[in-house]
There are 2 protein chains.
Amino acid sequence: MEKTTEPISTAYPATREKLHPAYSPASVDEVNEAAELAGKAFSSYGHLSGSAKATFLRAIAREIESIVDQLVERATAETGLPAARIQGETGRTCHQLRLFADLVEEGSWVDARIDRADPNRKPLPKVDIRSMHRPIGPVVVFCASNFPLAFSVAGGDTASALAAGNPVIVKAHHAHPGTAELVGNAVIRAARECDMPAGVFSLLYGSGSEIGTALITHPIIKAGGFTGSRSGGLALMRAAAARPEPIPFYAEMSSINPVVVFPGALEQNIEQLAAGLHGSVTLGAGQFCTNPGLVLLPKGDAAQKFTSRFAELMADTAPLTMLTPGICEAYQQGVAAHAAALSAVTLVDAAAPKDSAGCQAGTALFETDSESFLRDKSLSDEVFGPATLFVTHSNRDQLIAVLKNLEGHLTATVLGSESDLRENRDIIEILEGRVGRLVFNGFPTGVEVCHSMVHGGPYPATSDGRSTSVGTRAIYRFTRAVCFQNFPDTTLPVELQEANPNGIWRIVDGSFMK
Amino acid sequence: MEKTTEPISTAYPATREKLHPAYSPASVDEVNEAAELAGKAFSSYGHLSGSAKATFLRAIAREIESIVDQLVERATAETGLPAARIQGETGRTCHQLRLFADLVEEGSWVDARIDRADPNRKPLPKVDIRSMHRPIGPVVVFCASNFPLAFSVAGGDTASALAAGNPVIVKAHHAHPGTAELVGNAVIRAARECDMPAGVFSLLYGSGSEIGTALITHPIIKAGGFTGSRSGGLALMRAAAARPEPIPFYAEMSSINPVVVFPGALEQNIEQLAAGLHGSVTLGAGQFCTNPGLVLLPKGDAAQKFTSRFAELMADTAPLTMLTPGICEAYQQGVAAHAAALSAVTLVDAAAPKDSAGCQAGTALFETDSESFLRDKSLSDEVFGPATLFVTHSNRDQLIAVLKNLEGHLTATVLGSESDLRENRDIIEILEGRVGRLVFNGFPTGVEVCHSMVHGGPYPATSDGRSTSVGTRAIYRFTRAVCFQNFPDTTLPVELQEANPNGIWRIVDGSFMK
């Protein structure tokens, strides 16, 4: 492997002034060592009880909470995100760790199934068969630029992989290496407190194309989780699929999160609607995978009024600090491409840097009609930042044509009255086929961490549309079902033993029971 | 697409005498028509109630049972399998259809999850979120040569895909086109009886490389299921992954199903053990993906006695009729390759054709030691037919080295005493990491259709080690979770409505309840 040995350093996004220290990228030997330690750790960690894993996850949460002030200081400096956001994200990250702790302590998540023997069955006797979900093996987790905590070192993928019983190797993101170090040390302290095996967790630095590829192609690694750009996600997805043993790889890559505005919404409070959308588009400087980048409106006076008011709010927005110079440049380029498209009108373009020393960006708003949108594929490209595109249609057929042409996205939002919803079941159905989450009269930013959340969607929003990266369903990213036939009761995993010592919900001879 | 228009005909395996009629391969237009009809059918079929789908599945079972005599006549002629096997497989196929009917009628399989709103939550109000599994879209199913009913037109993948709410397009196997037609017509009669939309089911003929590839790469198709050779499975797997929108593709490809014999097993009844293994190796002329093709034995007198007795049984086995000339030739080649390997001794080689006009094959038994087995990779190749390889080891370390070197398989079997099981937990753990099903003191052939079955395993046994092709868990091959945020109760799917009209088990605010 060609190796870059350039240390990884970051800078204050607002000023681009360098932050210290710099972090050394991992060597090939360090990748191998982390993988081998993870492989060894798996044989003990993979068989820990739910309550032992819960204790570990809760210890991680406690250790992270104990350094919240340091995290706020370092993460705000590295990312330009405000202190309240870092505090909120720390809370969410710890809530997530505890939700998975509760899940594995309770234990029913393993989906234990028991079909008892029946020696008298005709024509053939029935043998005892039992199965449950088991951890898949060492997992590599790639930190996201835009969530220094909740989708990074001890974020969703790490929490679900550890909860399932898998050792984790995290690759830090170059946008917040110091935050990664703080959280990584918190995880390591928790692992020591709880006597976890060495190798249950490692943190490595380096580029995605080098260290990331080395990790995802390492034979000991059995799955991967990624949140980031489409190009980065696709490259790692291909590497995972091209292994001698292909492995599951969950990449969350891009989404423009269509918003369908029905007439009923425009008959209501336009001011509130415009303010709500504006809040969602500009939240976190627009750097969310759930950012609403496409708004579909029926042509008419009400839509025009709404558009004018929304444009005012966008134009009045002070420049926002983006996460990294790279993200800021990509945003400016995306805005410039939309502005240059003959088929779109620029309503607001405050995207040009106000302060060339920092990562400052203004908002952008574009408008076009459905025919032009369908003709110009480039208008479907994600512009990662505080920008959105309004697409107007003259009738229902035009709206349906746009929706049928959409790729996979994480979310779709419907704004309207309850009767709009009822009268447009076919439209809801089209949307349902293209996203993981449907939102009614709300905005897609803000992803609740809970049992029912689906934060995923058909390709190319993610590499695997069957999965979610948020919520307790995410534990099944890193498991597979294993079946035991005719095993003596005491040699079975406790979850499958006849007496059900953990008192979990199971499917016994076809019926749910405890 | 290059198109072969040669009609597909089959022959009596025992005599190679041609059977009539010949079946025309599908044209490109027919592929497109079937896909478009399936896409249209999805929008209604995908929203049918569980009980409506159950009625359809049970009607298919009834229609198949009504033609069991014709099926026995045609399928025995096409495959050379005995009548009792076809009768048994018909029963299994109908049981499978009814098991999925019961599953979707009861309804809890959708894994409905409800997190209710909490407007008073701090710092942010909590919004109502609900999610459940929904069908993925039109599915293509490839028939297997070795199961003319249970893994073919109305077999496991078709049953689970239809149960989930997906239209199905089946590609018939050239080994039993007439059986496919009979079953296909039964499904079509059931669809008419139940007023199903046109396109809920189609049956096409043609080669895997032409019609199979055209189907799996069609944009309307959203998933595929396959049981067959590694080369065929890998080609379709690559085609599914290379689509502009990659789709889930479940291929069950090859497995040698290791059997670990512990000393405790050899201390017991050697006669019974040899007879059991012989029955498993020769069942269905060895043409099962769960056929035990590798037996690991501790060196010594007991093992020698066992090997001699097993070799006698194998040598005394009358020639068996294989499914097709292609399978028979591949078997002879596989046996010849093992026989030519310097590192293996041929104990029984009755594989040479006794009757060159038919698809006759004898049994084969090879023996080698663990060091030679580890050195010669070719000995790990699947020989699809009534052959097996005994590998002896001098100590536990040699056994562990062999096991650690195994690829993914469908099953692993442990023969021994309960204390062997208890004293070799590390070995069970190694096996668990490499298979979907562990069998204790039994044989891997015979796959129970039930809730707990896992018929799958890590790559290369299957293309996706997270999945099973048998049992009710298989329904999740063809679904994905979809989440509804803030939807008015009456606009939600019934499974997610507050009153729980279907009375299904759900996870409500974190707790299982009805």
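Residues numbered from 1 in each chain as written. Chains lettered and ligands numbered in written order. Predicted model: local features only at pLDDT ≥ 70, side-chain atom pairs only at ≥ 80, totals over all residues.

Peer 1: I tried to follow the overall build of chain A on my own but got confused; where do I start?
Peer 2: When helices and strands are counted, chain A shows 16 helices and 19 strands. Relative to the globule expectation of 24 Å for 514 residues, the C-alpha radius of gyration of chain A, 24 Å, shows essentially globular dimensions. The principal-axis extent of the C-alpha atoms belonging to chain A is close to 75 × 60 × 40 Å. Among the 514 residues that make up chain A, the fraction classed as buried is 58%. (Helix = DSSP H or I, 4+ residues; strand = E, 2+ residues; numbered from the N terminus. Rg over C-alpha atoms; globule rule 2.2 N^0.38 Å. Buried ≥ 20, exposed ≤ 12 C-beta atoms within 10 Å, placed from the backbone.)

Peer 1: Even after reading the chapter, I still don't get the confidence of the model for chain A, so can you show me in this structure?
Peer 2: Any segment with low pLDDT has predicted coordinates that should not be analysed in fine detail. Residue-level pLDDT values for chain A average 95, and 98% of them are 70 or greater. Complex prediction metrics read pTM 0.97 and ipTM 0.97. (pLDDT = per-residue confidence, 0-100.)

Peer 1: Sorry if this is basic, but what is going on with the nonpolar core here?
Peer 2: Within soluble globular proteins, side chains that are nonpolar generally end up buried alongside one another. Judged by nonpolar contacts, the single largest core of 332 residues is most densely connected at Leu57 and Ile60 of chain A together with Leu57 and Ile60 of chain B. Non-local contacts of Ile60 of chain A, meaning those with residues more than four positions away in its chain, are made with Leu97, Ala154, Ala186, Val187 and Ala190 of chain A. (Core = buried A, V, L, I, M, F, W, Y, C linked by C-beta atoms within 7 Å. Contact = placed C-beta atoms within 7 Å.)

Peer 1: Can you walk me through the pairing of strand 7 (residues 249-252) of chain A in this structure?
Peer 2: Taken residue by residue, a regular strand's side chains alternate between the two faces of the sheet. Residue and element names in this part refer to chain A. Of the two faces of strand 7, both are covered, the one formed by Phe249 and Ala251 as well as the one formed by Tyr250 and Glu252. The pairing of strand 6 (residues 223-227) with strand 7 spans 4 bridges and is parallel. Residue pairing in the sheet places Gly224 in a bridge with Phe249 of strand 7. With helix 8 (residues 230-241) bridging strand 6 and its parallel neighbour strand 7, the resulting β-α-β unit is right-handed. (Pairing = 2+ DSSP bridges. Right-handed = clockwise from strand over helix to strand, strands pointing away.)

Peer 1: In this structure, what is going on with the relation of the copies chain B and chain A? I would like to understand it.
Peer 2: The relation between the two copies of this chain is a rotation about an axis and a shift parallel to it. Its rotation angle being 180°, the transformation that places chain B on chain A also includes 0.0 Å of axial translation and leaves an RMSD of 0.0 Å. Both copies of the chain, as the preceding transformation shows, are related through a two-fold rotation axis. The C-alpha atom lying nearest the rotation axis in chain B is that of Ala241 of chain B; the distance is 4.3 Å. The share of interface residues of chain B whose copies in chain A are also at the interface is 100%, consistent with both copies meeting through the same surface. (Least-squares fit on C-alpha atoms with pLDDT ≥ 70 in both.)

Peer 1: Can you help me understand the sheet that holds strand 18 (residues 506-508) of chain A in this one?
Peer 2: Working definition: the strands of a sheet are paired by backbone hydrogen bonds and lie parallel or antiparallel to each other. The 12 strands lie next to each other as 19(A)-18(A)-1(A)-2(A)-17(A)-16(B)-15(B)-8(B)-9(B)-14(B)-13(B)-11(B), forming an open sheet whose pairing is mixed. Looking at the sheet topology across the chains shown, the edges are occupied by strand 19 (511-513) of chain A together with strand 11 (345-349) of chain B. With strand direction ignored, the average angle separating the axes of adjacent strands in the sheet is 20°. Here strand 15 (residues 411-415) of chain B pairs with strand 16 (residues 437-440) of chain B via 4 bridges, running parallel. In the strand pairing of strand 16 of chain B, Ala412 of chain B is matched with Leu438 of chain B. Sheet strands touched by helix 11 (residues 301-315) of chain B: strand 9 (294-298), strand 11, strand 13 (364-369) and strand 14 (387-393) of chain B. Its angle to strand 11 of chain B, the strand with the most contacts, is close to 40°. (Axes fitted to C-alpha atoms, helices over the stretch in contact; angles between N-to-C directions.)

Peer 1: Would you explain helix 5 (residues 156-164) of chain A in this entry?
Peer 2: Since the α-helix advances by 3.6 residues per turn, residues separated by three or four positions end up pointing in the same direction. All names here are of chain A. Of all 9 residues in helix 5, 9 are buried, a share of seventy percent or more. Along helix 5, the positions that sit buried rather than exposed are Gly156, Asp157, Thr158, Ala159, Ser160, Ala161, Leu162, Ala163 and Ala164. In the segment just after helix 5, Gly165 is the residue with positive phi, at about 115°.

Peer 1: Would you mind showing me how to read the pairing of strand 14 (residues 387-393) of chain A here?
Peer 2: Residue and element names in this part refer to chain A. The element strand 14 is largely enclosed, with a buried count of 7 among its 7 residues. Of the two faces of strand 14, the one holding Ala387, Leu389, Val391 and His393 and the one holding Thr388, Phe390 and Thr392 are both buried throughout. Bridge count between strand 9 (residues 294-298) and strand 14: 5 bridges; the pairing is parallel. Residue Leu297 lies in a different strand from strand 14, and its bridge partner there is Thr392. Note that strand 13 (residues 364-369) and strand 14 share 6 bridges and pair parallel. The residue bridging Glu367 from the neighbouring strand is Phe390, located in strand 14. Read from strand 13 through helix 13 (residues 370-375) to strand 14, the crossover connection turns out right-handed.

Peer 1: Hey, could you run me through the sheet that holds strand 4 (residues 168-171) of chain A in this one?
Peer 2: All names here are of chain A. The 5 strands lie next to each other as 5-4-3-6-7, forming an open sheet whose pairing is parallel. The open sheet has two edge strands with one neighbour each: strand 5 (201-204) and strand 7. Put simply, the sheet's adjacent strands are angled 15° from each other on average, direction ignored. As judged from the 3 bridges shared by strand 3 (residues 139-142) and strand 6, these two strands associate in the parallel manner. Looking at strand 6, one finds that Val140 is bridged to Gly224. Those strands touched by helix 1 (residues 28-45) are strand 4 and strand 5, and its axis lies near 165° from that of strand 5. Together, strand 4 and strand 5 form the strand contacts of helix 6 (residues 177-193), whose direction differs from that of strand 5 by roughly 160°.

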